[in-house]
Amino acid sequence: LIGAIVPSLVCLALVPMVVYKLLTPEITHTPGAAALARSELDRLGPMSGHEKLMLLVFAMAGGLWMTQSYHGIHYATVGILGASILLVVGVLEWQDILSEKAAWDVFFWYGGLVGMAAALAATNITPRFAEAASAVIDGWPWWTALAVLLLVYYYVHYAFASITAHATAMYVPFLAVSLAAGAPVWLAVLFFTYFSNLCAGLTHYGTTPGPIYFGAGYVSQAAWWRAGFFAGLVNLTVFGTVGLLWWRILGWW
């Protein structure tokens, strides 16, 4: 938290402006939006019994997801349990579930991507990739080796449909190669840790919430990838300059 707070705040200020320029919304001024929202809520009236049940099930699911380490119930089981309760009490009808075409679409193609990522990991290609990278940077100054490895680590996320799969497969090998090249321990650990998160927005499948947003159909794949690429450039630049300076002030390298 301490290491990320300063560069992250700078990114938080810059990235929305960049994305706004790349994907300028058709409607940029909505002075009556708040009044319209209030009037629509007033028209709906108080929460119905079904709405209260929905809120209760969401709270239950969220609580079970956050405490999975204590009870051991798998995340998918929690989701199925929540949907089942909503069906049993009549909040949802079976037709409601069948009509969620976007959700089914995400379920099938994202599941395929995760499956392919798991199959790729089973081939042991990642350790071999790290060994190849190690051979290429052998003899380089540590700062050059670290910079190249970080860029490779960041952009290889185009091939992953999961942050967890990416970090699990590549974090340790790339960190080990960086340390072997002489990179300061804290610097290498922090950079790879932060980059494991910053690369999430590169693609519409790069992290779990991505397919859900993409499935809404408001942003095309080309627009998403373009915005992800340029937002990534901002993140890389900020963490490579402001981040380095901040960590220097903290005495971490």
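Residues numbered from 1 in each chain as written. Predicted model: local features only at pLDDT ≥ 70, side-chain atom pairs only at ≥ 80, totals over all residues. Heavy atoms only, no water.

1. A look at the overall build of the protein chain
Cut-off, in case you're wondering: A helix here means a DSSP run of H or I that spans at least four residues, while a strand means a run of E at least two residues long, and both kinds are numbered starting from the N terminus. Exposure categories follow from relative accessible area, calculated using a 1.4 Å probe and restricted to protein chains: below 20% of the type maximum is buried, above 50% is exposed, and the middle band is partly exposed. In what follows, residue pairs with any heavy atoms lying within 4.5 Å of each other are defined as contacts. We get accessible surface area from the Shrake-Rupley algorithm with a probe of 1.4 Å; when it comes to residues, only the shown protein chains can shield them.
Helix and strand counts for the protein chain stand at 13 helices and zero strands. When the helices and strands of the protein chain are read in sequence order from the N terminus, they spell out α-α-α-α-α-α-α-α-α-α-α-α-α. Seen along its three principal axes, the alpha-carbon backbone of the protein chain occupies a region of about 70 × 45 × 35 Å. Across the 253 residues that make up the protein chain, the buried fraction comes to 30%. Across the protein chain, contacts joining residues at least 24 apart in sequence account for 68% of those joining residues at least 6 apart. Summed over its atoms, the accessible surface of the protein chain is roughly 15,500 Å², and 72% of this surface lies on carbon and sulfur atoms.

2. Looking at the pattern of salt bridges
Spelled out, the test is: For this document, the term salt bridge refers to a Lys or Arg side-chain nitrogen within 4 Å of an Asp or Glu carboxyl oxygen.
If you walk through the whole model with that rule in mind, you get one salt bridge. The partner of Glu40 in a salt bridge is Arg43, with the nearest N and O atoms 2.8 Å apart. Of the two residues, Glu40 and Arg43 both sit in helix H2 (residues 33–44), three residues apart, roughly one turn of that helix. Since its relative accessible area comes to 60%, Arg43 is described here as exposed.

3. Comments concerning the packing of aromatic side chains
Let me state the cut-off plainly: When two rings of Phe, Tyr or Trp (its six-membered ring) have centres within 6.5 Å they constitute a pair, described as stacked for plane angles under 30 degrees, edge-to-face for angles over 60, and tilted for the intermediate range. For a ring to carry a charge above it, either NZ of a lysine or CZ of an arginine must fall within 6 Å of the ring centroid while also lying within 35 degrees of the normal to the ring plane.
For the structure on display, the rule yields 17 aromatic pairs. Considering the side-chain rings of Tyr153 and Phe192, the 5.2 Å spacing of their centres and the 85° angle between planes classify their relative orientation as edge-to-face. Here Tyr153, found in helix H9 (residues 142–155), pairs with Phe192, found in helix H11 (residues 185–198); they are 39 residues apart in sequence, far enough to count as distant. Phe192 matches Tyr153 in its accessibility class, with the two residues each being buried. Ring plane angle 55° and centroid distance 5.7 Å describe the contact between Tyr194 and Phe239, whose orientation is recorded as tilted. With Tyr194 in helix H11 and Phe239 in helix H13 (residues 221–249), this residue pair connects regions lying 45 residues apart in the sequence. Residue Tyr194 shares its accessibility class with Phe239, and that shared class is buried. Aromatic rings pair up to connect Tyr154, Tyr155, Tyr158, Phe191, Tyr194, Phe195, Tyr205, Trp225, Phe229, Phe230, Phe239 and Trp247 into one cluster. The cationic tip of Arg248 hangs over the ring face of Trp253; the distance from NZ or CZ to the ring centre is 4.6 Å.

4. Considerations on the nonpolar core
Nonpolar side chains tend to gather and get buried jointly when the protein is soluble and globular. Filter applied, for reference: The criterion is simple. A nonpolar core is a set of buried Ala, Val, Leu, Ile, Met, Phe, Trp, Tyr and Cys residues joined through side-chain atoms within 4.5 Å.
Ranked by size, the top nonpolar core spans 38 residues in total, and within it Leu146, Phe191, Phe192, Phe195 and Phe239 carry the most contacts. The set of elements that each furnish at least two residues to this core consists of helix H1 (2–22), helix H8 (125–137), H9, helix H10 (163–180), H11 and H13. Looking at this core, the element that brings in the most residues is H11, giving eight residues. Excluding residues within four positions of it along the chain, Phe192 makes contact with Leu146, Leu149, Leu150, Tyr153, Tyr171, Phe174, Leu175 and Ser178.

5. Digging into H10
What counts is decided by this rule: Given a helix with a known number of residues, its expected span is that number minus one, times 1.5 Å.
With 18 residues, H10 extends 25 Å from end C-alpha to end C-alpha; this agrees with the ideal 26 Å at 1.5 Å per step. By the burial criterion, the buried members of H10 are Ile163, His166, Ala169, Met170, Tyr171, Pro173, Phe174, Leu175, Val177 and Ser178. One or two residues past the end of H10 sits Gly182, with phi positive at roughly 105°.

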